[in-house]
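Report on the structure
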Amino acid sequence: MSRLAVYPGSFDPPTLGHLDVIERAASLFDKLIVAVGRNSSKKNLLTADQRIEAIRESVAHLPHVVVGAFEGLLIDYARSVDATAIVRGLRATSDFEYEFQMAMVNRRLNSEIETVFLMTKWEYSYLSSSIVREVATLGGDFSQMVPEAVVPFLREATQPANQAR
Ligand code: ADP
């Protein structure tokens with residue numbers, strides 16, 4: 001039986017922390033779909049299409065990883081692609097409460113799809129998309145925080161002319 005997992009998130013922008021989770025999850029499952037949520041209520045820096053393309057370029061070296069997008073309930077999307085598991089990353093204990101709640105709700109909605117948590121790599125434990133967004137919009141150097149392929153997307157989005165959007 002082929003085991004497929006979905007790694008959902010906002011990925012605004014994708015970071016080295018995300019890529020590390022993707023690489024480790026890819027070695028645990030036969031196929032991994034990195035799924036970009038399109039229905040976030042947050043104000044995004046990158047459009048969903050830019051996030052999808054940026055991840056696609058960042059995972060080009062991983063043959064079992066594909067990039068998708070979903071709207072609506074994650075668990076419905078996971079079921080529609082026949083996923084065995086949902087992968088999420090954990091950093092500090094502050095992630096735990098929210099992730100625990102989501103995993104419980106998703107299990108209540110569909111008990112056949114398991115949520116699997118991967119611990120962050122120590123060197124990425126401080127990294128979040130919101131920190132990268134802040135550094136990037138304030139003109140700081142974010143190149144050590146995101147995969148190389150993501151850099152041009154962020155440069156473009158944080159050019160002074162585009163920031164008023
Ligand atoms: P969401 O809005 O769904 O939380 P994110 O893109 O912020 O989307 O995060 C997607 C997943 O990746 C979450 O499970 C989050 O905890 C995890 N994650 C984010 N940054 C890191 C990191 N540096 N190390 C490990 N996991 C991470």
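Use the structure listed above.
What comes next concerns the included structure. (Residues numbered from 1 in each chain as written. Predicted model: local features only at pLDDT ≥ 70, side-chain atom pairs only at ≥ 80, totals over all residues. Heavy atoms only, no water.)

1. A closer look at the sheet that holds strand 4 (residues 85-90)
- Strands sit in the order 3-2-1-4-5 across an open sheet of 5 strands; the sheet is parallel. The two strands at the open ends of the sheet, each matched to only one other strand, are strand 3 (65-70) and strand 5 (114-119). Taking the axes of each pair of neighbouring strands and ignoring which way they run, one obtains an average angle of 30° across the sheet.
- With 2 bridges joining them, strand 1 (residues 4-9) and strand 4 adopt parallel strand pairing. Residue V6 lies in a different strand from strand 4, and its bridge partner there is I86. (Pairing = 2+ DSSP bridges. Helix = DSSP H or I, 4+ residues; strand = E, 2+ residues; numbered from the N terminus. Axes fitted to C-alpha atoms, helices over the stretch in contact; angles between N-to-C directions.)

2. Describing the pairing of strand 2 (residues 31-37)
- In terms of residue burial, strand 2 counts as a mostly covered element, since 6 of its 7 residues are buried.
- Of the strand pairs in this sheet, strand 1 and strand 2 are connected by 6 bridges, and their pairing is parallel. When the bridges of strand 2 are listed, P8 appears paired with A35.
- For the segment spanning strand 1, helix 1 (residues 16-26) and strand 2, crossover handedness is right-handed.
- Looking at chain direction, strand 2 and strand 3 are connected through 6 bridges and run parallel. Residue I33 lies in a different strand from strand 3, and its bridge partner there is V66. (Buried < 20%, exposed > 50% of the residue type's maximum accessible area, 1.4 Å probe, protein only. Right-handed = clockwise from strand over helix to strand, strands pointing away.)

3. Some details on the side chain of T115
- Its place among the elements puts T115 in strand 5.
- Residue T115 is classed as buried on the basis of its relative accessible area, which comes to 17%.
- Apart from residues no more than four positions distant in its own chain, T115 is found in contact with I86, R88 and A103. (Contact = heavy atoms within 4.5 Å.)

4. Examining the pattern of salt bridges
- Enumeration according to the criterion identifies 9 salt bridges in this entry.
- A salt bridge links D76 to R79, with the shortest nitrogen-to-oxygen separation between them at 2.8 Å. Residue D76 and its partner R79 are both found in helix 3 (residues 74-80); the two are separated by 3 residues, about one turn of the helix.
- With relative accessibility at 36%, the residue D76 sits in the partly exposed group.
- Of the charged contacts, one joins E99 and R88 as a salt bridge, the two residues approaching to 2.8 Å between their closest N and O atoms. Of this pair, E99 sits in helix 4 (residues 93-109) while R88 sits in strand 4, placing them 11 residues apart in sequence.
- Its relative accessible area of 7% is what places E99 among the buried residues. (Salt bridge = Lys/Arg side-chain N within 4 Å of Asp/Glu carboxyl O.)

5. Section: the nonpolar core
- Of all hydrophobic cores here, the largest spans 37 residues; its most connected members are I22, L32, V87 and L154.
- Not counting residues within four places of it along the chain, the set of residues in contact with L154 comprises P13, L45, L46, V132, A136, F142 and V146.
- Counting residues in each nonpolar core, the second largest holds 12 residues, with A35, F70, Y77 and I86 among its members. (Core = buried A, V, L, I, M, F, W, Y, C linked by side-chain atoms within 4.5 Å.)

6. Some remarks on the environment of A48
- Mapped onto the secondary structure, A48 falls in helix 2 (residues 48-58).
- The buried category is assigned to A48, whose relative accessible area is 13%.
- Put simply, A48 and F11 are 37 residues apart on the chain and 8.9 Å apart in space, counted from C-alpha to C-alpha.

7. Brief notes about unusual backbone geometry
- In this structure, P13 follows D12 across a cis peptide bond, with omega equal to 0°.
- Phi is positive for F11, close to 50°, though the residue is something other than glycine.
- Judged by its relative accessible area of 2%, F11 falls in the buried class.
- In this structure, D82 is a non-glycine residue whose phi angle is positive, near 65°.
- Secondary-structure assignment places D82 in the loop between helix 3 and strand 4.
- Residue D82 is classed as exposed on the basis of its relative accessible area, which comes to 65%.

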